[in-house]
Structures are given as structure tokens and as C-alpha cells.
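Listed below are the residues making up each chain.
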Amino acid sequence: MSSNRQAAQASPWRAPILFAILAILFVLEGTVRNGMFSGSWNTSLAILNMGLISAITALGVNMQWGYAGLFNAGVVGFLALGGLAPVLVSLPPVEGAWAAGGPRLILALLVGLGTLALAKIAYTRTRRGWIMVLVLVAGFVAYRWLFDPAVTAIEANDSARTGNIGGLGLPILLSWLVGGAFAAAAAWAVGKVALGLRSDYLAIATLGIGEIIVAVLRNEDWLARGVKNVAAIPRPVPYETDLQQNPAFAEFAASWGFGVAEASGIWVKLCYMSLFLVVLLTVILLAELALKSPWGRMMRAIRDNETAAEAMGKDVTARHLQIFILGSAVIGIAGAMMITLDGLMAPNSYNPLRYTFLIWVMVVVGGSGNNWGAVLGAVLIWFLWIKAEVWGPNLIGALVGPLPDGDIKSHLLNSAAHMRFIAMGLVLLLVLRFAPRGLVPEK
């Protein structure tokens, strides 16, 4: 019996123990005030809520990598597409925007999609590349002729406050599903092109599409105001000011020994936590049922040996496309949830280091192929990522304390802010060395 199998069988309590330790860290963050912990339940719950969203994102990546061995290097792009959904679905319509250029914009988008479909049909039936190119060029000219004046008119409409097309005014929770649909549509487009080729082409394609999506969001003001950002995203939970003005809530807060301002923040974060837990547990339930079904066994068989699976008559490319779309949809849902929590759509905040590399660290540390491992890794890494910003300067200050004042000491103290990157690299190296299959390995 291999050492990995022995380790997996010898530690059935590993996952519960690790989750218990993680829970203790959050309790310490909320109750103990010293150089390591803030002693604030608002801070503890804020870290936990973003950790839960990161866990849902990690589950999407785990479906792609852990189930099928697909390397998605563009997680940030699918998160950004999901984040666009609350803006287009739940914000109220912008007055005058639709009349200024809405119909022409919709027509331009339909012409663009029709051009792509017509080009594909033309090439399929004629097998002549020049006919396809002619269709694409003609369609592009028609698209730009319709699109450019519409965008100019929309962006000129009250540009100081809006300058975008606005939303539909629908419930914010509906936008989470739409965010998943946006990301799934992009995954279908990328997968149709890249999944039939070598596996490394998928990584290149997703890396490129991720940066393209973020660049579009930054530069297309008509869509979500670009770098001017969109604020006041609707919330599915009460506002703190409304709670603070409620006498019954003030009395409730006093009965627990909290000030009304602190209690309102805690209550709102608990409401968010409840919603996020419902989504997370639903995704885990569906993912576990799928993984233990014949479909899940087939996906792992394809992951382990594509050649043998093809010899058994399995359509490997179609199955890869299927799991790539499902995983991206989960990532898109997480992106919409994140924008809802922040209340702000800021395209400049989509950093690949945070929203691609760190998510991959979460999956690898937790244990790729194991859904509970992905959740554990996501929440743990996010907790360490936040706390390293506090612990790093404290550690550097303690280490350089005996040194005499001078350039070296000053340089080390000024570099303490980068300790979180060193900490993440150290955690990743330690896990890969002592638990190469992750903290909670695949069964």
C-alpha cells in the first residue's frame, strides 16, 4: 500500500480537526485583542465572509482542475464577468440612456453575434476561407457603424453621474445566477476554441481572455462606467443605518452588551454569512453528488488517462467542455456575490495575483479533487492573507529590534508590507513538501 493511501486512511479526523482549528482562529480574532488578533467580531466576520466567497471560487477551480485536470489561468476574468451581472441586472435603469442609444446598441450586438454565426456557416458549407473572411469584414463594418454612435450617445448621457446603460432593477439575488450564466457563456466560447487542442493551449487562452475581459470593463464606460466605478449596488440584507435608527434593534444590541453601531455591523455580516453559507453548501452538495455519480467517475477516469477513456468511446473534448463551463459558472456566481458584498464595481481592483494566483494556492493547499479541501484551503489562506498584513510588520519589528538604527533596519521595516507574499509562498512550499496532495487529499 502506498504511503499516500496509508496517510489518507490513517487520518479520518484530519478534516474535522483542521476545520475546528480554523474556527478557533476566527473566534480568537473576534474575542482576543493583542498584537496578533483584533478582538473585533466585525473584523472576524468580514474575513469569514470573503473567505466563503473565495471558497465558492475555489470550488469552481477545483471542478475544472480536480475533476478534469483543466488548468484555468484566467479566473480573474470569469470573476469579473460575474461581477458585471449585479450592475446590469439589479441597478435601476439610467434615465435617458436607453433612449439615447439602447436600441441601436442591442442591434449592434445582434449583428456581431449574427456575423460570427454566418461566418461559421459559410465556412462549414463552402470550406473557402476567403468567403469566411469576407463575411467577417462586412459584419465588422456593419457592427461598428451601429455600435460606435450608440456608445457615444450613452456615455454622453449625464456622464458626470452615470454615462452607462444602467440595469434592469431586478432582485440582486437573481443577478448571482446571471453572473454564473455570463461566465458560462465565456467559458463555452473559450472552450470551443481551446479544449480540442493540447492542454497548455487552454492555459494560454484563459490567461488571455481573463485580461481581455478586465480590459474591456476598464475601458467601456457605457457598460459599467469603466474606471469611474459603479457604487450603490443593491443589497439583499438591511443597511446599518436603518438598523441603528430602529429602537427595537438598539434595545436588542444593548441586551447583548454591544453598542448599536457595532451590533448593526455584526448583524449585517451575519446576514451575508447566512446567504453565502446557503450558496456554498448548495454548491458542495451538488458537486459531491456529481462526483460520486457515474458522470463523476467518468470525469476522473478521463483526467487520469485520456487515451484510455477515448479508447472506451468517451467524448473527451465534450466532457472537458462540460466541466469547464460548470466550473466557470460557479466562479461567475462567486464574482457576483463579491460585488454584492462590496457594494462597488471597480474594474481596477481585479488583480490576477489576488483573483487567480491566490485562488490556485487555496485549491492546492486545501487538496485538489476534494471539495471540502478546497473550502478549507480557501478560508485558511484568505485568513492568513489578511492577517499576514498585520503579523508581518510585527514579526519584522521584533527581528530587527536589536539592530542599530540605519539604512538596513529602515529598509527591512519598510519592506514589511510585502511579508504576505513571502508568507503565501512559504505556506505553499511547506504544504507541497509535507502534504503534496493537500491538507485534505482526494479520497
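Residues numbered from 1 in each chain as written. Predicted model: local features only at pLDDT ≥ 70, side-chain atom pairs only at ≥ 80, totals over all residues. Heavy atoms only, no water.

Helix and strand content of the protein: 19 helices and two strands. Each of the 443 residues in the protein was classed as buried or not, and the buried ones make up 46%. Residue pairs in contact within the protein that sit at least 24 positions apart in sequence constitute 79% of those at least 6 positions apart. If the 30 positive side-chain charges of the protein are averaged to one point and the 23 negative ones to another, these points end up 11 Å apart. (Helix = DSSP H or I, 4+ residues; strand = E, 2+ residues; numbered from the N terminus. Buried < 20%, exposed > 50% of the residue type's maximum accessible area, 1.4 Å probe, protein only. Contact = heavy atoms within 4.5 Å. Lys, Arg positive; Asp, Glu negative; His and termini not counted. Charge placed at Lys NZ, Arg CZ, Asp CG, Glu CD.)

By the element assignment, A73 lies in the loop between α3 (41-68) and α4 (75-89). Here A73 falls in the buried class, since its relative accessible area comes to 13%. Between the C-alpha atom of A73 and that of V268, which follows or precedes it by 195 residues, the distance is 34 Å. What A73 contacts, discounting residues up to four positions off in sequence, is A203, T206, L207 and T356.

Moving on, we get to the packing of aromatic side chains. Enumeration over the complete set of coordinates arrives at 18 aromatic pairs. Measuring from centroid to centroid gives 5.1 Å for F26 and F383, while their planes differ by 65°, and the two rings are edge-to-face. In this pair, F26 sits in helix α2 (residues 14-31) while F383 sits in helix α17 (residues 371-400), placing the two residues 357 residues apart along the sequence. The exposure class assigned to F26 is buried, which follows from its relative accessible area of 8%. Judged by its relative accessible area of 0%, F383 falls in the buried class. Between F71 and W360 the ring centres are 4.6 Å apart and the planes differ by 25°, which places this aromatic pair in the stacked class. (Phe/Tyr/Trp six-rings, centres within 6.5 Å; stacked < 30°, edge-to-face > 60°.)

Glancing now at a nonpolar patch on the surface. A cluster of nonpolar side chains, W98, I106, L109, L110, L113, L116 and L136, forms an exposed patch at the surface whose accessible area comes to about 680 Å². On the secondary structure map, L113 appears in helix α5 (residues 97-126). Residue classification places L113 among the exposed residues on the basis of a relative accessible area of 58%. (Patch = residues over 30% accessible without salt bridge, like charges linked within 9 Å, V, L, I, M, F, W, Y side chains within 5 Å. Areas by Shrake-Rupley, 256 points an atom, 1.4 Å probe, with all protein chains shown as cover. Salt bridge = Lys/Arg side-chain N within 4 Å of Asp/Glu carboxyl O.)

Relative orientation of the contacting elements helix α11 (residues 247-255) and helix α12 (residues 260-291) amounts to 95°, with a least axis distance of 9 Å. As summarised for this structure, α11 and α12 are arranged roughly perpendicular, according to the angle between their axes. Residues F249, A250, F252 and A253 of α11 lie in contact with α12, whose contacting residues are V260, A263, S264 and W267. Classifying every residue of the contact of α11 with α12 gives seven nonpolar, one polar and no charged. (Axes fitted to C-alpha atoms, helices over the stretch in contact; angles between N-to-C directions. Parallel < 35°, antiparallel > 145°, perpendicular 65-115°, else oblique. Nonpolar A, V, L, I, M, F, W, Y, C, P; charged D, E, K, R; others polar.)

Looking now at the pattern of salt bridges. According to the stated counting rule, one finds 10 salt bridges in the structure shown. With its nearest N and O atoms 2.8 Å apart, the salt bridge here joins R144 to D148. Taken as a pair, R144 and D148 lie in helix α6 (residues 129-156) at a separation of four residues, close to a single helical turn. Take R144: its relative accessible area is 33%, and that puts it in the partly exposed class. The class of D148 is partly exposed, set by a relative accessible area of 31%. Where D158 meets R161, a salt bridge forms, and the shortest distance between an N and an O atom there is 2.9 Å. D158 gets classed as partly exposed once you look at its relative accessible area, which sits at 32%. Residue R161 is classed as exposed on the basis of its relative accessible area of 65%. The structure contains a network of salt bridges with shared partners spanning R300, R303, D304 and E442.

Caution is warranted with low-pLDDT regions, since their predicted coordinates should not be read in detail. In the predicted model, the protein carries a mean pLDDT of 89, and the fraction of residues at 70 or more is 98%. Taken together, the stretch residues 1-10 has pLDDT below 50 and engages in five contacts with residues farther than four places along the chain or on a different chain. (pLDDT = per-residue confidence, 0-100.)

With 116 residues, the main nonpolar core has W176, L280, F324, M337, M345 and Y350 as its most contacted residues. In terms of residues, this core owes the most to one element, α3, which gives 14 residues. Leave out the neighbours within four places in its chain, and Y350 touches V76, L79, A80, G83, V214, R218, M338, I339, M345 and Y355. (Core = buried A, V, L, I, M, F, W, Y, C linked by side-chain atoms within 4.5 Å.)

Glancing now at unusual backbone geometry. Its identity is not glycine, yet R127 carries a phi of approximately 60°, on the positive side. On the secondary structure map, R127 appears in the loop between α5 and α6. Here R127 falls in the exposed class, since its relative accessible area comes to 59%. Unusually for a residue other than glycine, N229 sits at a positive phi of about 70°. One can find N229 in the loop between α9 (221-224) and β1 (230-231).

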